[in-house]
Amino acid sequence: MSTFGIVLFLLIGGMAFWMLLFLMGFILPYWITLGIFEHLRTKRVLDDEEK
């Protein structure tokens, strides 16, 4: 039973590790890039309205 617990712990820990790796490697840069483009696009719209 102790071996089952260790294997289960390593399995859950491994899944959490790969999920964090995926989030930091793909989702976070994608989210930051979308935020930057949204910020730049909004700034351009406001500048066009003032002209």
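Data block above holds the structure.
Residues numbered from 1 in each chain as written. Predicted model: local features only at pLDDT ≥ 70, side-chain atom pairs only at ≥ 80, totals over all residues. Heavy atoms only, no water.

This model, assessed by the stated rule, comprises three aromatic pairs. With a centroid separation of 5.2 Å and 70 degrees between ring planes, the pair formed by Phe17 and Trp18 is classed as edge-to-face. Classification of Phe17 as partly exposed rests on a relative accessible area of 47%. By relative accessible area, Trp18 is classed as exposed at 57%. (Phe/Tyr/Trp six-rings, centres within 6.5 Å; stacked < 30°, edge-to-face > 60°. Buried < 20%, exposed > 50% of the residue type's maximum accessible area, 1.4 Å probe, protein only.)

A cluster of nonpolar residues, Met24, Leu28, Trp31, Ile32, Ile36, Phe37 and Leu40, forms a patch on the protein surface that exposes about 750 Å² of accessible area. Note on placement: Leu40 falls in helix 1 (residues 2–50). Assessed through its relative accessible area of 41%, Leu40 is described here as partly exposed. (Patch = residues over 30% accessible without salt bridge, like charges linked within 9 Å, V, L, I, M, F, W, Y side chains within 5 Å. Areas by Shrake-Rupley, 256 points an atom, 1.4 Å probe, with all protein chains shown as cover. Salt bridge = Lys/Arg side-chain N within 4 Å of Asp/Glu carboxyl O. Helix = DSSP H or I, 4+ residues; strand = E, 2+ residues; numbered from the N terminus.)

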